[in-house]
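Observations on the three-dimensional arrangement
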Amino acid sequence: MKRIRKAVIPAAGLGTRVLPASKAMPKEMLAIVDKPAIQYIVEEAVQSGIEEILIITSRGKTTVEDHFDRAPELEATLLARGKQDIYDEIVSISNLANISYIRQKETKGLGHAILCAKAFVGDEPFAVLYGDDVIRADYPVCRQLCDAYEEFGLGVVGIKEVSEEAIQKYSSMKVQPVRDNLFKISDMIEKPTPDKIMSLYSILGRCVLPPEIFNILEKTPAGTGGEIQLTDAMKKLAQVKGMIGVDFVGKRYDMGNKLGILQAIVEVGLEHKEVGESFRSYLKEISKTL
Ligand code: UTP
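Within every chain, residues take consecutive numbers counted from 1 along the sequence as written. Only residues with pLDDT of at least 70 get local features here, since the model is predicted, and only at 80 or more are side-chain atom pairs given and counted; chain-wide, interface and lining totals rely on the full set of residues. Side-chain calculation: all heavy atoms of the structure are included, whereas hydrogens and water are not.

Looking at an unreviewed UniProt entry, the protein carries the name UTP--glucose-1-phosphate uridylyltransferase, with the source organism given as Clostridium facile. UniProt positions are given in the numbering used here, feature names are shortened, and annotations may be inferred rather than shown by experiment. Recorded under Sequence similarities (unreviewed entry), the UniProt text for the protein is reproduced unchanged: "Belongs to the UDPGP type 2 family." Under the Catalytic activity (unreviewed entry) heading, UniProt states for the protein: "alpha-D-glucose 1-phosphate + UTP + H(+) = UDP-alpha-D-glucose + diphosphate".

What about the pairing of strand E4 (residues 52–57)?
In terms of burial, E4 is largely enclosed, as five of its six residues are buried. Two strands qualify as a pair provided DSSP detects at least 2 bridges between them. Here a helix means four or more residues in a row that DSSP labels H or I, a strand means two or more in a row labelled E, and each is numbered from the N terminus. Relative to strand E5 (residues 98–103), E4 runs parallel, the two being bridged by six bridges. Counted as the bridge partner of Ile 56 is Ile 102 from E5. Only protein chains enter the accessibility calculation, which uses a 1.4 Å probe; a residue is then buried when its area is under 20% of its type maximum, exposed when over 50%, and partly exposed in between.

Section: the site of the ligand
Near, as used in this document, describes a residue that has one of its heavy atoms within 4 Å of the molecule or strand being considered. Around the ligand, a shell composed of 18 residues is seen, among which Gly 13, Gly 15, Thr 16, Glu 28 and Gln 104 lie nearest. Contacts described as polar in this section are N or O atom pairs within 3.5 Å, which, within protein, must combine one atom able to donate a hydrogen with one able to accept it, while residues neighboring in sequence count only if both atoms come from side chains. One nitrogen or oxygen atom from the side chain of Glu 28 is found 2.8 Å from an oxygen atom belonging to the ligand. When the ligand sits alone it has 570 Å² of accessible area, and the protein chains cover 84% of it. Charged residues are taken to be Asp, Glu, Lys and Arg, nonpolar residues to be Ala, Val, Leu, Ile, Met, Phe, Trp, Tyr, Cys and Pro, and polar residues to be all remaining types, Gly included. Considered class by class, the residues forming the shell around the ligand number six nonpolar, seven polar and five charged. The Shrake-Rupley method, run with a 1.4 Å probe sphere, supplies the accessible areas, and residue values consider only the shown protein chains as cover.

Looking at a negative patch on the surface
A contiguous patch of negative charge on the surface is contributed by Asp 34, Asp 85, Asp 88, Glu 89 and Glu 274. Mapped onto the elements of the fold, Glu 274 is located in the loop between helix H11 (258–271) and helix H12 (276–287). Candidate patch residues must exceed 30% relative accessible area and have no salt bridge, after which like charges are joined if within 9 Å and Val, Leu, Ile, Met, Phe, Trp or Tyr side chains if within 5 Å. Each salt bridge in this description consists of a side-chain nitrogen of Lys or Arg and a carboxyl oxygen of Asp or Glu lying within 4 Å of one another. Counted as positive: Lys and Arg. Counted as negative: Asp and Glu, with His and the chain ends omitted from the count. Lysine's charge is taken at NZ, arginine's at CZ, aspartate's at CG and glutamate's at CD.

Looking at the sheet that holds strand E6 (residues 126–129)
Overall, mixed pairing links the nine strands, which are arranged E5-E4-E1-E6-E11-E8-E12-E10-E9 in an open sheet. In the strand order of this sheet, the two ends are held by E5 and strand E9 (171–179), each with one partner. Averaged over all neighbouring strand pairs, the angle between strand axes comes to 35°, with direction disregarded. Of the strand pairs in this sheet, strand E10 (residues 182–190) and strand E12 (residues 243–247) are connected by four bridges, and their pairing is antiparallel. Across the sheet, Ile 185 pairs through a bridge with Met 243, a residue of E12. In what follows, residue pairs with any heavy atoms lying within 4.5 Å of each other are defined as contacts. Here, axes are lines fitted to C-alpha atoms. For helices the fit covers the stretch in contact, and angles between N-to-C directions go from 0 to 180 degrees. Its contacts with the sheet place helix H1 (residues 37–47) against strand E1 (6–10), E4, E5, E6 and strand E11 (201–209), and it is angled at close to 155° to E4. Against the sheet, helix H10 (residues 230–240) touches strand E8 (156–161), E9, E10, E11 and E12, its axis set at about 130° to E10.

A closer look at the packing of helix H3 (residues 72–80) against helix H4 (residues 84–94)
Remark: H3 packs on H4, axes separated minimally by 8 Å, with the N-to-C direction vectors making an angle of 160°. Classified by the angle their axes make, H3 and H4 are roughly antiparallel. For H3 against H4, the interelement crossing comes out left-handed. Note on element contacts: H4 touches H3 through Gln 84, Ile 86, Tyr 87, Ile 90 and Val 91, opposite Leu 74, Glu 75, Leu 78 and Leu 79. Residue composition of the contact of H3 with H4, by class: seven nonpolar, one polar and one charged. An angle below 35 degrees is read as roughly parallel, one above 145 as roughly antiparallel, one from 65 to 115 as roughly perpendicular, and any other as oblique. If you view the pair so one helix is near and one far, a crossing is left-handed when the near helix is turned anticlockwise from the far one by less than a right angle, and right-handed when it is turned clockwise.

Points about the pattern of salt bridges
Going through the model one piece at a time under the given rule, you end up with 26 salt bridges. Across the salt bridge formed by Lys 27 and Asp 132, the nearest N and O atoms sit 2.8 Å from each other. Taken together, the residues span a long stretch of sequence, with Lys 27 in the loop between E1 and strand E2 (31–32) and Asp 132 in the loop between E6 and strand E7 (133–136) at a distance of 105 residues. Accessibility expressed as a relative area gives 8% for Lys 27, which makes it buried. Classification of Asp 132 by relative accessible area gives buried; the value is 12%. With its nearest N and O atoms 3.7 Å apart, the salt bridge here joins Asp 180 to Arg 179. By relative accessible area, Asp 180 is classed as exposed at 72%. In this structure Arg 179 comes out as partly exposed when scored by relative accessible area, which is 38%.

Following this line, the structure appears as structure tokens:
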């Protein structure tokens, strides 16, 4: 079975749920304490053995490229001031991975964004890490999905059970247990109405797809919200060949929604080596007043 070497990070969305923060600043660049969301995602891909990454951007998102580039003036200043530690950290960001960029010229949906990666991906399976979904795990979630792809040779989606209310905003999967946290998926639906819910398992943030997905995407008409939905294309894959769902082990933070951003900052902040202790004391103090 082919090893997964490439990953695509779609980060071209408008981020309307976190406006006004995302007006001039990509939501993927919003910081969790001191590191932008997309850096956590690139690090997860690298830790999963990914060698080449394509980030799908759009107008107004050049800060994403700047973040993973060298910053000569800043670096020289840090060195001149003897700040070796932060200098090393800043330089290491630009050496994290081999990253390419392509622009999605119109925000026509996640499926359309993935289609922009066709030439980059070529004829190999590839991982998709949604640019606004940060997932912290001891064993990287992207790697958990790659393991399943390499074992079963079928497209893989990261799934989690969500509430009945939430599933109507996400997607719903028809699942059959395989073993442990693995499921066979034979059907799915994007943003189901209550009568169309197949199970409370929804795709959250990660998948590994075979290159056939591009042929399907090219024929996929606009769906919910007038956008080309990746779920509609994966539905075909699930119906024809079947897919594997991995109920992944990890904590996901939805950086595309205001509560998700706050949860990420609080939880990462509590563990932060520099400010964690004082943040904990602060939270204890403030919680007495709640
Ligand atoms: P979302 O649906 O969460 O992002 O897409 P959005 O469209 O920015 O959200 P709202 O509803 O306006 O707040 C999941 C991922 O897919 C990317 C987004 O950047 C996000 O990382 N995406 C979405 C694209 O790259 N292109 C698109 O056309 C849509």
